[in-house]
Amino acid sequence: MSWQKSLLNPLLRLIEKRQMANAKGPSSLRRAFELKAKIMFHAPRGTEMEWFDLGGTSALRIGGEGLDAEKVILYCHGGGHVFGSPKTHSAMVAQLAKRVGCEAILPVYPLSPENVFPASLNVLRAAYDDLLVQGYRSAQIVFGGDSAGGNLVLALLAQLLQDGAKLPAGVFAFSPLTDLTFSGASFQVNADADVILPAGRAAEMMDYYLDGADPTLPLVSPLFADFSGAPSVWLTVGNTEILLDDTRRLVANMSNPGVDAQMHIEHDLPHVWVIFHNVLPEARTTLDGLAGWINRRVGWADES
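Residue indices follow the written sequence of each chain, beginning from 1 at its first position. In view of the model being predicted, local features appear only for residues whose pLDDT reaches at least 70, and side-chain atom pairs are presented and counted only at 80 or more, with totals across whole chains, interfaces and linings using the full set of residues. As a rule here, side-chain values come from all non-hydrogen atoms in the structure, and water together with hydrogens is ignored.

**Quick look at the pairing of strand β2 (residues 57-64)**
Then step 1. Three labels apply to residues, based on accessible area from a 1.4 Å probe with only protein chains included: buried if under 20% of the type maximum, exposed if over 50%, partly exposed otherwise in between. Secondary structure elements are taken from DSSP: a helix is a run of H or I of four residues or more, a strand is a run of E of two residues or more, and numbering for both begins at the N terminus. Taken across its 8 residues, β2 has 7 buried, putting it largely inside the fold.
Then step 2. Strand pairing follows a simple DSSP-based rule, namely that at least 2 bridges must link the two strands. Strand direction decides the pairing type here: strand β1 (residues 47-54) and β2, joined by 8 bridges, are antiparallel. Across the sheet, glutamate 48 pairs through a bridge with glycine 63, a residue of β2.
Then step 3. Adjacent in sequence and paired antiparallel, β1 and β2 are bridged by 2 residues, among which glycine 55 carries a positive phi angle near 60 degrees.
Then step 4. Across 4 bridges, β2 lies against strand β4 (residues 102-107) in antiparallel orientation. From the neighbouring strand, leucine 60 faces β4, where its bridge partner is leucine 106.

**Observations concerning helix α9 (residues 281-297)**
Then step 1. Helix length check: α9 (17 residues) gives 24 Å between terminal C-alpha atoms against 24 Å at 1.5 Å per residue, within 8%.
Then step 2. Glu282, Ala283, Thr286, Leu287, Leu290, Ala291, Gly292, Trp293 and Ile294 are the residues of α9 that are buried. Given a helix with a known number of residues, its expected span is that number minus one, times 1.5 Å.

**Let's talk about the sheet that holds strand β6 (residues 170-174)**
Then step 1. Strand order across the open sheet formed by 8 strands is β1-β2-β4-β3-β5-β6-β7-β8, with mixed pairing between neighbours. Of all strands in the sheet, those with a lone pairing partner are β1 and β8 (261-266), marking the two edges. Strand-to-strand twist in this sheet, taken as the mean axis angle between neighbours without regard to direction, amounts to 20 degrees.
Then step 2. Relative to the sheet, helix α3 (residues 86-100) contacts β1, β2, β3 (68-76), β4, β5 (141-146) and β6, its axis offset from that of β4 by approximately 160 degrees. For helices, the axis comes from a line fit to the C-alpha atoms of the stretch in contact; other axes are also lines fit to C-alpha atoms, and the angle between any two N-to-C directions lies between 0 and 180 degrees. We call two residues contacting when some pair of their heavy atoms lies within 4.5 Å.

**Here we look at unusual backbone geometry**
Then step 1. The omega torsion across serine 112 and proline 113 is 10 degrees, close enough to zero to call that bond cis.
Then step 2. Topologically, proline 113 is positioned in the loop between β4 and α4 (119-133).
Then step 3. In this structure, histidine 81 takes a positive phi of about 70 degrees despite not being glycine.
Then step 4. Along the chain, histidine 81 falls in the loop between β3 and α3.
Then step 5. Here the phi dihedral of aspartate 268 falls at roughly 55 degrees; this positive angle occurs in a residue that is not glycine.
Then step 6. Position of aspartate 268 relative to the elements: it lies in the loop between β8 and α9.
Then step 7. Its relative accessible area of 24% is what places aspartate 268 among the partly exposed residues.

**Remarks on the nonpolar core**
Then step 1. Among the nonpolar cores identified, the biggest contains 100 residues, and Ile73, Phe143, Phe172, Phe174 and Phe227 are the most heavily contacted of them.
Then step 2. It is helix α5 (residues 148-163) that provides the largest number of residues to this core, a total of 9 residues. For the purposes of this section, nonpolar cores are sets of buried Ala, Val, Leu, Ile, Met, Phe, Trp, Tyr and Cys residues that join through side-chain atoms within 4.5 Å.

**Examining the pattern of salt bridges**
Then step 1. The salt bridge definition used is simple: a Lys or Arg side-chain nitrogen within 4 Å of an Asp or Glu carboxyl oxygen. Applying the stated rule across the entire model yields 11 salt bridges.
Then step 2. Across the salt bridge formed by aspartate 129 and arginine 125, the nearest N and O atoms sit 3.3 Å from each other. Residue aspartate 129 and its partner arginine 125 are located together in helix α4, separated by 4 residues, close to a single helical turn.
Then step 3. Arginine 248 serves as the salt-bridge partner of aspartate 245, at 2.7 Å between the closest nitrogen and oxygen.

**Some thoughts on the packing of helix α2 (residues 26-40) against α3**
Then step 1. α3 packs onto α2 with a crossing angle of 30 degrees between their chain directions and a minimal axis gap of 8 Å. If you check the angle between α2 and α3, you find them roughly parallel. Remark: the crossing between α2 and α3 carries left-handed chirality. Mapping the contact onto sequence places Phe33, Glu34 and Ala37 in α2 and Lys87, Thr88 and His89 in α3.
Then step 2. For the contact of α2 with α3, a count of residues per class yields 2 nonpolar, 2 polar and 2 charged. Throughout, the term roughly parallel applies to angles under 35 degrees, roughly antiparallel to angles over 145, roughly perpendicular to angles from 65 to 115, and oblique to all others. Put simply, a crossing is left-handed when the front helix is turned counterclockwise from the back one by less than a right angle, and right-handed when it is turned clockwise. For this classification, the nonpolar set comprises Ala, Val, Leu, Ile, Met, Phe, Trp, Tyr, Cys and Pro, the charged set comprises Asp, Glu, Lys and Arg, and every other residue, Gly included, is treated as polar.

**What about the side chain of glutamine 159?**
Then step 1. Take glutamine 159: it is sitting in helix α5.
Then step 2. When near neighbours in sequence (up to four residues on either side) are disregarded, glutamine 159 contacts Leu121, Arg125 and Leu219.

This is the structure in structure tokens:
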């Protein structure tokens, strides 16, 4: 265990988990996260960022010298469906893009409670479809996301499979939310151990997103989706997270139809620890490993 992790976890429990538990509403969470991200998270030197229109929404393109513009990570930020933005996650995604050697795109999607299911999924699908219209081959695109963003990219994959549409080269997710019924045992077992997510606020935040929709719908909770025929999937989660079983059960379900699903369970790391790449060695190790998986398993090394 790094000394950085031994300091970070208590600080997150004291500050972040308390703030998440006591926040009076989405607006306060949004303001706080935007400010913290601006101060704490930094992209590699030479990173270039620009806003453009993608499928009817704004999107942030991450590029730079040496990054292959013909291959792209389509990334969906987390934030419980109620906060976060491309700006809060751009530094972390830029770190990954540099390691992979490709560009990345982070679409702006509508947040709850102002917008409810399936508004964000529809926006993400339109963004993907627009990339194909622009000339990208599906084999040149990898989906990624974290937490609620992981929920959305896995739901998008399920929707594409359901529709018989073109599939991305692969999908990855950090600490994904896959079960909005919160039926995993870890949701109770790890309620105290999780240093960021307060289990007691989860139902409230998901009510914002669902607005009465059935939480067992496969496009709401990818845990219940049929992933037969899916491309390679890479997932990681910490063993003390309340969402631990969201990953373990999803991978078990994917294994039945023979999906190449790779799972990495890390010891005592906080929810979406990769976002702390500036201070946490374990975050950088995870990004290194994921970059290697993308280039080896997805087969981009064979693309011209």
